[in-house]
Amino acid sequence: MSLIVCKFGGTSLADGNNIRRAAEIALSDPSRKFVVVSAPGKRFSEDVKVTDLLYASYTESRDKKGCGEAFARIRKRFCSIVEELGIDFDIGAVLDETQEAIARSDSADFAASRGEYLNARIMAALTGREFVDAKDIIFFDERGMFDEKKSYPRIAERLFAAKEAIVPGFYGTGADGKIRTFSRGGSDISGAIVARAVNADLYENWTDVSGFLACDPRIVQNPQKIEVISFKELRELSYMGANVLHAEAIFPVRKGDIPIRIKNTFRPEDAGTIILPSKKYVPHGNIVTGIAGKKDFTVIYLEKSLMNTEVGFARKALSILERESINFEHMPSGIDTLSLVIESRYLRGGMLDKLIDAMKAELAPDYIRVLEDIALVATVGHGMAQNVGTSARLFNALSESGINVRMIDQGSSELNIIVGIDNADYERCLRAVYHEFFEKQ
Ligand code: ADP
Ligand code: ASP
Ligand code: MG
């Protein structure tokens with residue numbers, strides 16, 4: 001029999017009815033032995049995720065010594081879930097303990113992790129499966145990175161002993177013995193780690209859409225579903241903002257060659273999207289597989305005659321960023337030009353001016369220019385390298401829509417073309433590229 005690890009996302013577990021549906025899905029296939037759960041997400045668009053309520057209760061407890069007000073909403077959510085499910089589970093007592101623990105703790109990560117913890121306890125009570133706490137099997141090292149050497153054997157040993165289990169996503173234990181979370185949306189990473197640790201045949205990621213779509217459905221109406229996508233394409237798209245799957249969830253499963261299937265909890269009969277290791281991937285004939293993007297970048301453009309002959313110019317530019325612990329996203333370059341694309345949030349509070357001053361002093365450029373409020377849009381697909389004229393089609397489509405391209409970066413993988421445009425043109429740009437490659441015949 002094959003072995004499947006499934007992960008249910010927050011919207012799939014937002015209330016009692018949805019949790020019951022997820023449990024039925026998990027129990028309907030005996031291969032689905034290990035289930036990773038998120039905290040309850042939004043029930044409707046203005047709703048607040050339990051994880052956000054937990055961060056609020058941490059802030060309240062830090063500022064006011066006690067977290068009664070914010071915790072009251074959390075209490076209400078979980079009590080109504082347990083009531084709807086009609087299970088024999090003393091949620092009141094568990095919530096009391098949790099509230100006290102948050103009030104005692106000095107860690108936002110601990111507070112945030114309790115949504116997954118409580119939901120997994122509830123799911124375990126509902127399904128009759130053992131609850132295995134992520135704090136006992138998932139570990140981080142001193143640098144705060146996932147510690148695979150320590151975690152994988154512990155996960156495998158503990159889960160195989162349980163035979164079938166429910167595991168909370170999003171957190172584990174840090175090197176200091178305290179609870180530590182992944183970044184937001186990190187239950188996807190926990191699911192991938194569990195899948196790799198038990199060497200699953202498949203990692204099923206259950207969410208609220210019927211698969212990975214060729215574009216963000218909140219911007220393009222009814223985008224085409226992607227049936228098959230490679231790990232490489234997925235990595236580009238999820239990194240660039242297609243957040244249906246956390247961008248770091250790919251690594252554990254890619255190393256183990258474990259395919260991922262994205263499935264819709266509300267339409268389990270839909271096939272969803274299968275994500276395959278690049279070597280098992282068979283081209284589907286489309287030039288472009290998908291489009292994704294993110295807003296709020298700053299581009300620092302440097303020009304200097306004979307830059308190409310100045311040994312170490314790029315290194316010096318990057319070491320200025322390194323000194324200030326600033327990540328850069330892209331670095332498109334020409335013979336005498338170099339651009340650094342950086343997330344704007346790193347440059348607030350005078351940091352941009354500090355960098356510019358350092359660059360003027362240490363690099364002596366002929367010209368330096370800053371473009372702010374830039375969005376990046378990536379057009380991704382294995383088919384792009386083989387098709388002459390793809391970039392011409394892309395730039396034509398943008399110019400026909402009156403979109404001014406401020407920067408271009410063609411990845412050396414030939415898998416993607418990234419354009420920088422004004423934030424204000426972001427939605428229009430996605431729609432124009434989608435129209436060009438998916439709607440035009
Ligand atoms: P979960 O709660 O299951 O973890 P997320 O909210 O993290 O779900 O991810 C699912 C959402 O991702 C969808 O509801 C959709 O709005 C959004 N999304 C953004 N880009 C895409 C895309 N290319 N394909 C599918 N969904 C996308
Ligand atoms: N509950 C966490 C979050 O809201 C993790 C997750 O849902 O994957 O970010
Ligand atoms: Mg998610």
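Residues numbered from 1 in each chain as written. Chains lettered and ligands numbered in written order. Predicted model: local features only at pLDDT ≥ 70, side-chain atom pairs only at ≥ 80, totals over all residues. Heavy atoms only, no water.

### Section: the packing of aromatic side chains
Any two aromatic rings considered together are summarised by their centre-to-centre distance and by the angle between their planes. Under the convention used in this document: For Phe, Tyr and Trp, where Trp contributes only its six-membered ring, two rings pair if their centres lie within 6.5 Å, and the inter-plane angle classes them as stacked under 30 degrees, edge-to-face over 60, or tilted in between. Here's how the labels work: a residue is buried when its accessible area is under 20% of the maximum for its type, exposed when over 50%, partly exposed in between, all with a 1.4 Å probe on protein chains only. A positively charged side chain is recorded as over a ring if its NZ (Lys) or CZ (Arg) lies within 6 Å of the ring centre. The angle to the ring normal must also be within 35 degrees.
Inspection of every chain in the model, using the stated rule, returns seven aromatic pairs. Measuring from centroid to centroid gives 5.6 Å for F146 and Y152, while their planes differ by 65°, and the two rings are edge-to-face. Accessibility expressed as a relative area gives 21% for F146, which makes it partly exposed. Judged by relative accessible area, Y152 falls into the buried class, the value being 13%. Sitting over the ring of Y117, R114 keeps its end group 4.3 Å from the ring centre. Just above the ring of F131 sits the side chain of R121; from NZ or CZ to the centre is 5.9 Å.

### Observations concerning the sheet that holds strand β3 (residues 130-131)
The line we're drawing: Strand pairing is defined by DSSP finding a minimum of two bridges between the two strands. Helix numbers and strand numbers start at the N terminus; a helix is a DSSP run of H or I with at least 4 residues, a strand a run of E with at least 2. Residues count as neighbours in contact if any of their non-hydrogen atoms are within 4.5 Å of one another. Whenever a helix is involved, its axis is fitted only over the stretch in contact; in every case the axis is a line through C-alpha atoms, and angles between N-to-C directions fall within 0 to 180 degrees.
Strand order in the open sheet formed by eight strands is β3-β4-β2-β1-β7-β9-β10-β8, with mixed pairing between adjacent strands. Only two strands of the sheet have a single neighbouring strand rather than two, namely β3 and β8 (228-230). The strands touched by helix α5 (residues 108-127) within the sheet are β2 (32-37), β3 and β4 (165-168), with β4 carrying the most contacts at an inclination of about 165°.

### Focus: the pairing of strand β1 (residues 4-8)
Where burial is concerned, most of β1 is hidden: five out of the five residues are buried. Both faces of β1 are covered, namely the face carrying I4, C6 and F8 and the face carrying V5 and K7. Relative to β2, β1 runs parallel, the two being bridged by five bridges. What sits directly across from C6, in β2, is V35.

### As for helix α3 (residues 68-85)
Because each turn of an α-helix spans 3.6 residues, side chains separated by three or four positions in sequence point in the same direction. As a reminder, the rule being used: Given a helix with a known number of residues, its expected span is that number minus one, times 1.5 Å. Starting at the helix axis, one direction is taken to each C-beta atom, and the arc is that of these directions.
When the terminal C-alpha atoms of α3 are compared, their 25 Å separation across 18 residues agrees well with the 26 Å that a helix rising 1.5 Å per residue should span. By the burial criterion, the buried members of α3 are A70, F71, I74, R77, F78, I81, V82 and L85. Summarising the axial view, the buried residues of α3 lie within an arc of 125°, below the 170-degree limit, and thus occupy one face. Those residues of α3 that are exposed and aimed more than 90 degrees away from the buried face are E69, K76 and E83. Check the buried side of α3 and you find it contacts α1 (16-27), α2 (50-64), α4 (91-104) and α5. Where α3 terminates, the next one or two residues include G86, which has phi positive at roughly 65°.

### Remarks on the nonpolar core
Nonpolar side chains in soluble globular proteins tend to end up buried together. For the record, the criterion: Side-chain atoms within 4.5 Å are what join buried Ala, Val, Leu, Ile, Met, Phe, Trp, Tyr and Cys residues into a set we call a nonpolar core.
Counting 115 residues, the largest nonpolar core has V5, F8, F78, I122, I155, L159 and I291 as its most contacted members. Core analysis: the next-biggest nonpolar cluster, separate from the first, contains 20 residues, I300, F313, L338 and M359 among them.

### Structural notes on the site of ligand 2
The condition that has to hold: Each residue is tested against the molecule or strand, and it is near if at least one of its non-hydrogen atoms lies within 4 Å. Residues adjacent in sequence count toward polar contacts only when both atoms are side-chain atoms; beyond that, a polar contact is any pair of N or O atoms within 3.5 Å, and within protein one must be able to donate a hydrogen and the other to accept it. Using a 1.4 Å probe, the Shrake-Rupley method yields the accessible areas, and only the shown protein chains count as cover for residues. Residue polarity is assigned by list, with Asp, Glu, Lys and Arg as charged and Ala, Val, Leu, Ile, Met, Phe, Trp, Tyr, Cys and Pro as nonpolar; anything else, Gly included, falls into the polar class.
Around ligand 2, the surrounding shell consists of S38, A39, K49, T51, E116, F170, R184, G185, G186 and S187. Contact between ligand 2 and R184: an oxygen atom at 2.7 Å from a side-chain N or O atom of the residue. Bound to the protein, ligand 2 loses 94% of the 260 Å² it would expose on its own. In terms of residue class, the shell around ligand 2 is built from two nonpolar, five polar and three charged.

### Points about helix α8 (residues 231-239)
Among the residues of α8, F231, E233, L234, L237 and S238 are the ones counted as buried. Buried residues of α8 fall within an arc of 155° about the axis and therefore sit on the same side. The inward-facing, buried residues of α8 abut β8, α9 (250-255), β9 (260-264), β10 (273-276), β11 (290-303) and β13 (367-380). Count one or two residues on from α8 and you reach G241, which has phi positive near 120°.

### A look at the environment of A358
Here A358 lies in helix α11 (residues 351-363). Judged by relative accessible area, which is 13%, A358 ranks as buried. A sequence separation of 179 residues divides A358 from I179, and the C-alpha atoms of the two residues are 39 Å apart.

### Quick notes on the site of ligand 1
Around ligand 1, the surrounding shell holds 18 residues, and the nearest of these are G9, G10, T207, D208 and L213. The separation between an oxygen atom of ligand 1 and a polar side-chain atom of K7 is 3.3 Å. Measuring from an oxygen atom of ligand 1, one finds a side-chain N or O atom of T11 at 3.3 Å. Of the residues assigned to the shell around ligand 1, the class counts are eight nonpolar, six polar and four charged.

### Quick word on the layout of surface pockets
Using the following cut-off: Here a cavity denotes a set of grid points, spaced 1 Å apart and computed over the protein atoms alone, in which a 1.4 Å probe fits but from which it cannot get out, and a pocket denotes an open set meeting protein on both sides within 12 Å along at least five of seven lines; residues with an atom within 4 Å of a point are reported as lining. Grid points are joined across faces, edges and corners, and a volume is the space filled by probe spheres set on the points.
By volume, the second largest pocket amounts to about 490 Å³. Those elements giving two or more residues to the lining of the second largest pocket turn out to be α6 (148-162), β6 (179-181), α7 (187-197) and α9.

### Some points on the packing of α2 against α3
This is how it is decided: If an angle is under 35 degrees, it is roughly parallel; if it is over 145, roughly antiparallel; if it lies from 65 to 115, roughly perpendicular; otherwise it is oblique. Helix crossings are classified by the rotation of the near helix relative to the far one: an anticlockwise turn of less than a right angle makes the crossing left-handed, while a clockwise turn makes it right-handed.
The contact between α2 and α3 brings their axes to 7 Å, and the two run at 150°. Between α2 and α3, the interaxial angle falls into the category roughly antiparallel. For the pair α2 and α3, the sense of crossing is left-handed. Residue-level contacts link V50, L53, L54, A56, S57, E60 and K64 of α2 to G68, E69, A70, F71, R73, I74, R77 and F78 of α3. When the residues that make up the contact of α2 with α3 are grouped by side-chain class, the tally is eight nonpolar, two polar and five charged.

### Focus on unusual backbone geometry
Backbone geometry places L306, a non-glycine residue, at a positive phi of 60°. In this structure, S325 takes a positive phi of about 55° despite not being glycine. Examined against the element boundaries, S325 turns out to sit in the loop between α10 (313-323) and β12 (337-343).

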